[in-house]
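Each chain, letter by letter, is given below.
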Amino acid sequence: MSQGVRTEPMGSGRPLSEAYDTALLDLDGVVYAGGNAIAHAVDSLGAARSGGMRLAYVTNNALRTPDAVAGHLSELGIPAGADDVITSAQAVARLIAEQVPAGARVLVVGGEGLRVALRERGLVPVESADDDPAAVVQGYGGPDLPWGRFAEASYAVRRGVPWFASNTDLTIPSGRGIAPGNGAAVEVVRIATGAEPQVAGKPLPPMHRETILRTGAQRPLVVGDRLDTDIEGAFNGGVDSLLVLTGVTDGAQLLAAPPQHRPTYVDADLRGLLTGQPEITREGDGFGCGGWTATAGADRLELTGDGGALDGLRALCAAAWTAAGDGSCRLDGEKSLTRLGL
């Protein structure tokens, strides 16, 4: 990643699948939504893999095991093995193993993915605060996780047992809408104890370290749909990122992104892996891309010209991020985004 504050999306004269050796792909909102493959994902990933790019699937969801995630991907037509999947459960298990004795007991509040990851590190999952745990760990346990599990965690944490969390995403998408995520469960224990956990998942460094250790990537590209986890995680890891607009981030959020949330590249979906990326050009006081020119006025962003919606968005990003500097852009871009259909 280039040093300093990013003021515009970068261009690339080569397809991204050739410019980078490994794609570190988020899952929900990037590869699938509600369990079903997102449009163009299967074909795009197949083409990138055939061209020599390694694909690794990186998820903050600690509930499912890598085997289960790989099985789901294969059912969707995306061949994958357990070694292609990196979870926040694996990242937090490594973090714990570095701080407790080998073979230590760990009180688990979460699902099978967390238990499998702990056993992989030689740790012993237990269920009660009275089992003499050396650590407490929380990971997403699904909608049926009993309330009593939070009590067990609270008892142990109040006794001074070190507390860890796989991630702190407050929400998680489901087939019926947005549901409470592991971060909401962590808040329950925080309120009860006044303590703070060590957190492993995106956007924090332990998750990035886990992906690099497991993939051996030399030139990784983070691909995600969330600014505050995927893109910030890439920023913290010092690597480039591709934001796809198939998930939670909309145009207004992108224009207002502070430096740590500004992606290297922006594209509609995973087809962006297979193409180059257009350069942003300076045009007087504005920024041009694909027939559009964007400028920052006194109180709003202005867009003139004609072309594809994505090129207009890229030009607007350059105008907004330059105007914002190292802060968040407060200029009104709604009219321009409406014109682009975004």
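Residues numbered from 1 in each chain as written. Predicted model: local features only at pLDDT ≥ 70, side-chain atom pairs only at ≥ 80, totals over all residues. Heavy atoms only, no water.

(A) Expanded view of unusual backbone geometry. Here Lys 202 and Pro 203 are connected by a cis peptide whose omega angle stands at 10 degrees. The phi dihedral of His 40 is positive, around 75 degrees, even though this residue is not glycine. The residue His 40 is located in the loop between strand 3 (36-37) and helix 2 (41-50) in this model. According to the relative accessible area criterion, His 40 is partly exposed, its value standing at 37%. With a phi angle near 55 degrees, Asp 132 is a residue other than glycine that sits in the positive phi range. Tracing the chain through its elements places Asp 132 in the loop between strand 7 (124-126) and strand 8 (135-138). Overall, the relative accessible area of 63% leaves Asp 132 in the exposed class. (Helix = DSSP H or I, 4+ residues; strand = E, 2+ residues; numbered from the N terminus. Buried < 20%, exposed > 50% of the residue type's maximum accessible area, 1.4 Å probe, protein only.)

(B) Spotlight on the packing of aromatic side chains. One pass over the full model with this rule turns up two aromatic pairs. Judged by centre distance (6.2 Å) and plane angle (75 degrees), the rings of Tyr 20 and Tyr 265 are edge-to-face. Of this pair, Tyr 20 sits in the loop between helix 1 (16-19) and strand 1 (22-25) while Tyr 265 is found in strand 15 (residues 265-267), placing the two residues 245 residues apart along the sequence. Using a relative accessible area of 9% as the deciding quantity, one classes Tyr 20 as buried. (Phe/Tyr/Trp six-rings, centres within 6.5 Å; stacked < 30°, edge-to-face > 60°.)

(C) A look at the sheet that holds strand 15. Read across the open sheet, the six strands follow the order 5-4-1-13-14-15; overall the sheet is parallel. If you trace the sheet from one side to the other, it starts and ends with strand 5 (85-87) and strand 15, each paired once. Mean inter-strand twist for the sheet, computed between neighbouring axes without regard to direction, equals 25 degrees. Relative to strand 14 (residues 240-244), strand 13 (residues 220-224) runs parallel, the two sharing four bridges. Pairing of Gly 224 across the sheet is with Leu 243, part of strand 14. (Pairing = 2+ DSSP bridges. Axes fitted to C-alpha atoms, helices over the stretch in contact; angles between N-to-C directions.)

(D) Region of the structure containing the packing of helix 4 (residues 88-97) against helix 8 (residues 205-215). Packing of helix 4 against helix 8 brings their axes to within 9 Å, and their N-to-C directions diverge by 100 degrees. Relative to helix 8, helix 4 is oriented roughly perpendicular. Contacts from Ser 88, Gln 90, Ala 91, Arg 94 and Leu 95 in helix 4 reach Pro 206, Met 207, Arg 209, Glu 210, Leu 213 and Arg 214 in helix 8. Broken down by class, the residue content of the contact of helix 4 with helix 8 amounts to five nonpolar, two polar and four charged. (Parallel < 35°, antiparallel > 145°, perpendicular 65-115°, else oblique. Contact = heavy atoms within 4.5 Å. Nonpolar A, V, L, I, M, F, W, Y, C, P; charged D, E, K, R; others polar.)

(E) Structural detail: the packing of helix 6 (residues 148-158) against helix 7 (residues 182-193). Taken N-terminus to C-terminus, the directions of helix 6 and helix 7 make an angle of 45 degrees; their axes are 9 Å apart at the nearest point. Classified by the interaxial angle, the pair formed by helix 6 and helix 7 is oblique. The element helix 6 and its partner helix 7 pack so that their crossing is right-handed. Residues Phe 150, Ala 153, Ser 154, Val 157 and Arg 158 of helix 6 form the contact with helix 7, whose own contacting residues are Ala 185, Val 188, Val 189, Ala 192 and Thr 193. Across the contact of helix 6 with helix 7, the residue classes tally to seven nonpolar, two polar and one charged. (Left-handed = near helix turned anticlockwise from the far one by under 90°.)

(F) Representation of the pattern of salt bridges in the model. Scanning the entire structure with this criterion turns up 18 salt bridges. One salt bridge in this structure joins Arg 149 and Glu 127, with 3.3 Å as the shortest N-O distance. With Arg 149 in helix 6 and Glu 127 in the loop between strand 7 and strand 8, this residue pair connects regions lying 22 residues apart in the sequence. Classification of Arg 149 by relative accessible area gives buried; the value is 13%. On the accessibility criterion, Glu 127 (36% relative accessible area) is partly exposed. The network of salt bridges with common partners includes Arg 94, Glu 120, Glu 210 and Arg 214. (Salt bridge = Lys/Arg side-chain N within 4 Å of Asp/Glu carboxyl O.)

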